[in-house]
Amino acid sequence: MILSAKNLDFKQLNEKIRAADEAVCINDCYGQRFICSGLKGKTLTINGTPGNALGAYLDGGVITVNGNAQDAIGDTMNDGKIVIHGNAGDALGYAMRGGGIFVKGNAGYRTGIHMKEYRDKKPVIVIGGKVGSFLGEYLAGGIIVVLGIGSEDPPIGHFTGTGMHGGRIFIRTGGKLPSLPAQVAEKIASTDDLREIEPYICEFAGYFGMDSDSLMQGRFHMLKPNAKNPYKQLYTAN
């Protein structure tokens, strides 16, 4: 099914998407927000630039964006895949609880903020380029990978992992990372560590026509919390 988003607001667009019983292709997308909010079991291709909160509360299915995407993509998503053949804005994967987000280019500030995992739910974000500051802020679970393709400098901003108390962040760079918060422990990823992210990098490479072996080359820094409760000093024990 092919839809034109021209002259449609997000409510009209979502009604048509939900009513479709086949894969949907949306053309002429110019910033409509909340596309596929709460959707489950749909396959969607968007040609253009979806607005904020694409795939918010997504509970399954695949969304492919042939272009850039704005802020809060995958907000609180529970399952499914979002594949972006361009750049993404701020707060990508905010409070994400499951599924995967794959961005060919760069992402903005606060990527992966408040991500968490529960039982078999393990959210994953893979960024091909670089990200802004506060990557993985308050991270409670899941995996974030930043590949730094085309970046000579470390592909992250400042304050990476602020408040982090779960999950792991992998950053591919030959350079030294900016200073990290006290609650973050850094080491060079081992062969065993890299086995964990190899399937996700292979998936990323498949979406964007890249070579997974070359993407696995280079030095990966692995970040994890160095305390289960980074705010222990702020509270009085009962």
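First, a word on scope: everything that follows refers to the structure included in this document. (Residues numbered from 1 in each chain as written. Predicted model: local features only at pLDDT ≥ 70, side-chain atom pairs only at ≥ 80, totals over all residues. Heavy atoms only, no water.)

## A closer look at helix H2 (residues 191-208)
Between the first and last C-alpha of H2 there are 25 Å, a value that for 18 residues agrees with the 26 Å anticipated at 1.5 Å per step. Of all the bends found along H2, the most pronounced is centred on Ile-197 and spans about 45 degrees, while Pro-199, a proline, follows it within four residues. Here H2 has its buried residues at Asp-193, Leu-194, Ile-197, Ile-201, Phe-204, Ala-205 and Phe-208. Once H2 ends, the next one or two residues include Gly-209, with phi positive near 65 degrees. (Helix = DSSP H or I, 4+ residues; strand = E, 2+ residues; numbered from the N terminus. Expected span 1.5 Å × (residues − 1). Bend = angle between axes of the 7 residues up to and from the residue. Buried < 20%, exposed > 50% of the residue type's maximum accessible area, 1.4 Å probe, protein only.)

## Digging into the side chain of Thr-64
With respect to the helices and strands, Thr-64 occurs in strand S4 (residues 59-66). If sequence neighbours within four positions are ignored, Thr-64 has contacts with Leu-44, Thr-45, Ile-46, Val-83 and His-85. (Contact = heavy atoms within 4.5 Å.)

## So, the pattern of salt bridges
This structure, assessed with the given rule, holds seven salt bridges. Ionic pairing is found between Arg-110 and Glu-137, a salt bridge with its closest N-O pair at 2.5 Å. One end of the pair, Arg-110, is in the loop between strand S6 (100-103) and strand S7 (124-127); the other, Glu-137, is in the loop between S7 and strand S8 (140-146), and 27 residues separate them in sequence. Between Lys-187 and Asp-193 there is a salt bridge, with the nearest N and O atoms lying 3.0 Å from each other. Residue Asp-193 is classed as buried on the basis of its relative accessible area, which comes to 14%. Three or more residues joined by partner-sharing salt bridges are found here, namely Lys-122, Arg-168 and Glu-196. (Salt bridge = Lys/Arg side-chain N within 4 Å of Asp/Glu carboxyl O.)

## Re the pairing of strand S2 (residues 24-30)
Examined bridge by bridge, strand S1 (residues 2-4) and S2 share three bridges and lie parallel to one another. In the strand pairing of S2, Ile-2 is matched with Cys-25. The parallel pair S1 and S2 is bridged by helix H1 (residues 10-19), and the resulting crossover is right-handed. By the bridge criterion, five bridges tie S2 to strand S3 (residues 43-49) in an arrangement that is parallel. Within S3, the residue paired with Val-24 across the bridge is Leu-44. (Pairing = 2+ DSSP bridges. Right-handed = clockwise from strand over helix to strand, strands pointing away.)

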